[in-house]
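Below, each chain spelled out in residue letters.
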Amino acid sequence: MAAVSVLGLGSMGTALATSLLRVGHQVTVWNRTPGRADALAAAGAIPADSPALAMRDATIVLVCLLDDGAVTSTLQAGGDAIAGRIIVNLTNNTPSEARALGQWVAWQGAQYLDGGIMAIPPMIGGADTMILYSGDQSAFDYAAPVLGSLGGATYLGSDAGLAALHDLALLSAMYGMFAGYLHAAALVGSEEVSAHALNRLAIPWLKGMIEALPPLAAQIDSGDYARDVVSNLSMQARAMDNIMTASRAQGVDPRLLAPLQAMMRKRAASHGDEDLGGLIGDLRLPRAAA
Ligand code: FVH
């Protein structure tokens, strides 16, 4: 069993600390607003009055705060207590923020892992829970038994930005699905059909459509967007036009889908025999300054 500190006791930090306590680790906790540690203290956690005192108690320090600004100011407030620790930052951030923080942590004489939690708080500690990590490989190897008690730990490489990159990519896929679902619910709702009733059809439909991802990935990775096409883009663009026309007629604002319709129409005009994968070319832009 290890000595672990958790900085930040919001919904997720509390779930992390609870899961660590459950498997028997020594857990020290700190939160900016006092009082949020009370229930954890009753369950066996050690409350600390400051980030420095929390960090001094443990080799592995989990940080789960609102954003990168909160993480930076909290770690800075810890002063030299950070030296010699493994900082595992589970706060949502960007790849640039992760790389910059990783560099700063190294300058303080500590090791850095960036994490992306692909789960909601009740899922922490579950067998199917996926948490992504990147950064210092030796730190990951050392911390892996502790991190494994939070969920399946997937290490993506020594570039500290990789966990954030994959986290944001997976969240993009999730929000795209939720946006489509909101539109679908509004569309059937225009005829007084409930979202609950929609789910009877939407859940098996979306599960089935997962099967479209491997061939789509093969098209994207090969750059051959006309490969093994079973649903050509000209046909799909017509269906999308129907979605937009019907939505307006039903009194549903199609703004969540409008950018996709525009891209499909443009690409279909010249590459109608391809599949959707060809749209990815229009998503590639020169990199913006970090
Ligand atoms: N909850 C979720 O579903 C998602 C799942 C995936 C991962 N995220 C990320 O986890 C980070 C924390 O999320 P959370 O759910 O714990 O968020 P809150 O419940 O809102 O708690 C926020 C904590 O951050 C503290 N805090 C805010 N600003 C500061 C600051 N300037 N200095 C120090 N601490 C700060 C706040 O403290 P307090 O308001 O109680 O004093 C909470 O402890 C997040 O990156 C998610 O994207 C969760």
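Structure's up top.
Residues numbered from 1 in each chain as written. Predicted model: local features only at pLDDT ≥ 70, side-chain atom pairs only at ≥ 80, totals over all residues. Heavy atoms only, no water.

This part is about the packing of helix 7 (residues 161-189) against helix 8 (residues 195-209). One can describe the packing of helix 7 onto helix 8 by two numbers: an axis separation of 10 Å at closest approach and a directional angle of 135 degrees. As the angle between them shows, helix 7 and helix 8 are arranged oblique. Where helix 7 crosses over helix 8, the handedness of that crossing is right-handed. Together, Met177, Tyr181, Ala184, Ala185 and Val188 of helix 7 and Ala195, Leu198, Asn199, Ala202 and Leu206 of helix 8 make up the contact between the two elements. Residue composition of the contact of helix 7 with helix 8, by class: nine nonpolar, one polar and no charged. (Axes fitted to C-alpha atoms, helices over the stretch in contact; angles between N-to-C directions. Helix = DSSP H or I, 4+ residues; strand = E, 2+ residues; numbered from the N terminus. Parallel < 35°, antiparallel > 145°, perpendicular 65-115°, else oblique. Left-handed = near helix turned anticlockwise from the far one by under 90°. Contact = heavy atoms within 4.5 Å. Nonpolar A, V, L, I, M, F, W, Y, C, P; charged D, E, K, R; others polar.)

Looking now at the nonpolar core. Core analysis: the biggest nonpolar cluster contains 32 residues, and Val29, Leu62, Val88, Ile124, Leu147 and Leu150 have the highest contact counts within it. Secondary structure elements with two or more residues in this core: strand 1 (3-7), helix 1 (11-22), strand 2 (26-30), strand 4 (60-63), strand 5 (86-89), strand 6 (111-118), strand 7 (130-135) and helix 6 (137-147). The dominant element in this core, judged by the number of residues it contributes, is helix 1, at six residues. Among the nonpolar cores identified, the runner-up in size contains 21 residues, and Trp30, Val71, Ala81 and Leu101 belong to it. (Core = buried A, V, L, I, M, F, W, Y, C linked by side-chain atoms within 4.5 Å. Buried < 20%, exposed > 50% of the residue type's maximum accessible area, 1.4 Å probe, protein only.)

Turning our eyes to something else, we now look at the site of the ligand. By nearness alone, 21 residues border the ligand, and Met12, Asn31, Thr33, Arg36 and Asn92 come closest of all. In this structure, an oxygen atom belonging to the ligand sits 2.9 Å away from a main-chain N or O atom of asparagine 92. Elements represented by at least two residues in the shell around the ligand include exactly helix 1 and helix 4 (68-77). Looking at the shell around the ligand element by element, the count peaks at three residues for helix 1. (Near = heavy atom within 4 Å. Polar contact = N/O pair within 3.5 Å; in protein donor to acceptor, adjacent residues only side chain to side chain.)

The next thing to look at is the sheet that holds strand 3 (residues 46-47). The sheet built from eight strands is open, its strands ordered 3-2-1-4-5-6-7-8 with mixed pairing. Each edge of the sheet is formed by a strand with only one pairing partner; in this case those strands are strand 3 and strand 8 (152-155). Across two bridges, strand 2 lies against strand 3 in parallel orientation. Residue pairing across strands places valine 29 opposite proline 47, the latter belonging to strand 3. Set on the sheet, helix 6 makes contact with strand 1, strand 4, strand 5, strand 6, strand 7 and strand 8; between it and strand 6 the angle comes to about 50 degrees. (Pairing = 2+ DSSP bridges.)

What follows covers the pairing of strand 7. Counting buried residues along strand 7, five of its six residues qualify, which places the element largely inside the surrounding structure. Direction of pairing for strand 6 relative to strand 7: antiparallel, over a ladder of six bridges. For glycine 115, the partnering residue across the bridge sits in strand 7 and is tyrosine 133.

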